[in-house]
Amino acid sequence: MITLIKESDQLKMPWKNRQGTTAQILISPPGSTLDKLDFDYRLSSAPIKEAGSFSRFPGYQRILLPVSGAGFVLNGHPYATFEAAHFSGDNETRCELLKKEVTDLGLIYHPARISANVRVLNLPFPLSLTLEADKCYLCHLLEGQLTVQGQQVAPGETLVVQGEENIRFECGKKTTLAFFTLQPKQAAV
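Residues numbered from 1 in each chain as written. Predicted model: local features only at pLDDT ≥ 70, side-chain atom pairs only at ≥ 80, totals over all residues. Heavy atoms only, no water.

### Considering the packing of aromatic side chains
Right, on to step 1. For the structure on display, the rule yields five aromatic pairs.
Right, on to step 2. On the basis of an interplanar angle of 90° and a centroid distance of 6.4 Å, the ring pair of Phe 169 and Phe 179 is categorised as edge-to-face. On the criterion of sequence distance, the pair formed by Phe 169 in strand β18 (residues 166-171) and Phe 179 in strand β19 (residues 175-184) is long-range, its members being 10 residues apart. Exposure class is identical for Phe 169 and Phe 179. Each is buried. (Phe/Tyr/Trp six-rings, centres within 6.5 Å; stacked < 30°, edge-to-face > 60°. Helix = DSSP H or I, 4+ residues; strand = E, 2+ residues; numbered from the N terminus. Buried < 20%, exposed > 50% of the residue type's maximum accessible area, 1.4 Å probe, protein only.)

Okay, here's the thing in structure tokens:
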């Protein structure tokens, strides 16, 4: 199953620490919330307009990808545009901007329930990928043109791919997407 999440479907909301706003692209399972910390994973995008501390998410891991602007520095480590930062939601995380405003794409996930990773794919030509049907893939178009199974995907939109064994990306030159792989973990018996 392939589901397209358009920008108009995204939920605009304040950051947990109320120091900015975010566009929640997806939270799983449906009905879970940031306030209750009962979600398995959440994908969102937000502008970072100034230096400051990030909200804490106890018990969660985070992947943060600067997708526009020059990048940022998290706790003294610089990250360029499209370079993924992996860090704990338990820890105090301080962000400094390398130049000016940055837009990020972030995944927060519960490591006891999900393992997650991201790759930035630069697609100069159409591409077919073999997938594992037990994994969930989040494909967020950063720039360029993309069509998947006849669906046009605009920059800022996300495809949720579940239960598929392959996917074909039809694209123009200079198409870039963030490709998240989520693997559910089996409950201990």
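This is not the end of the story, as more comes after the structure.
### Examining the nonpolar core
Right, on to step 1. Within the largest apolar cluster, 21 residues are counted, with the highest numbers of intra-cluster contacts made by Tyr 41, Leu 105, Leu 107, Leu 138, Phe 180 and Leu 182.
Right, on to step 2. Elements that contribute at least two residues to this core include exactly β3 (21-28), β4 (41-48), β6 (61-68), β11 (102-109), β12 (114-123), β14 (136-143) and β19.
Right, on to step 3. Split by domain, the residues of this core number at least three in each of domain 1 (9-107) and domain 2 (112-182).
Right, on to step 4. Core analysis: the next-biggest nonpolar cluster, separate from the first, contains 18 residues, Ile 2, Tyr 137, Val 148 and Val 153 among them. (Core = buried A, V, L, I, M, F, W, Y, C linked by side-chain atoms within 4.5 Å. Domains from an automatic or database assignment.)

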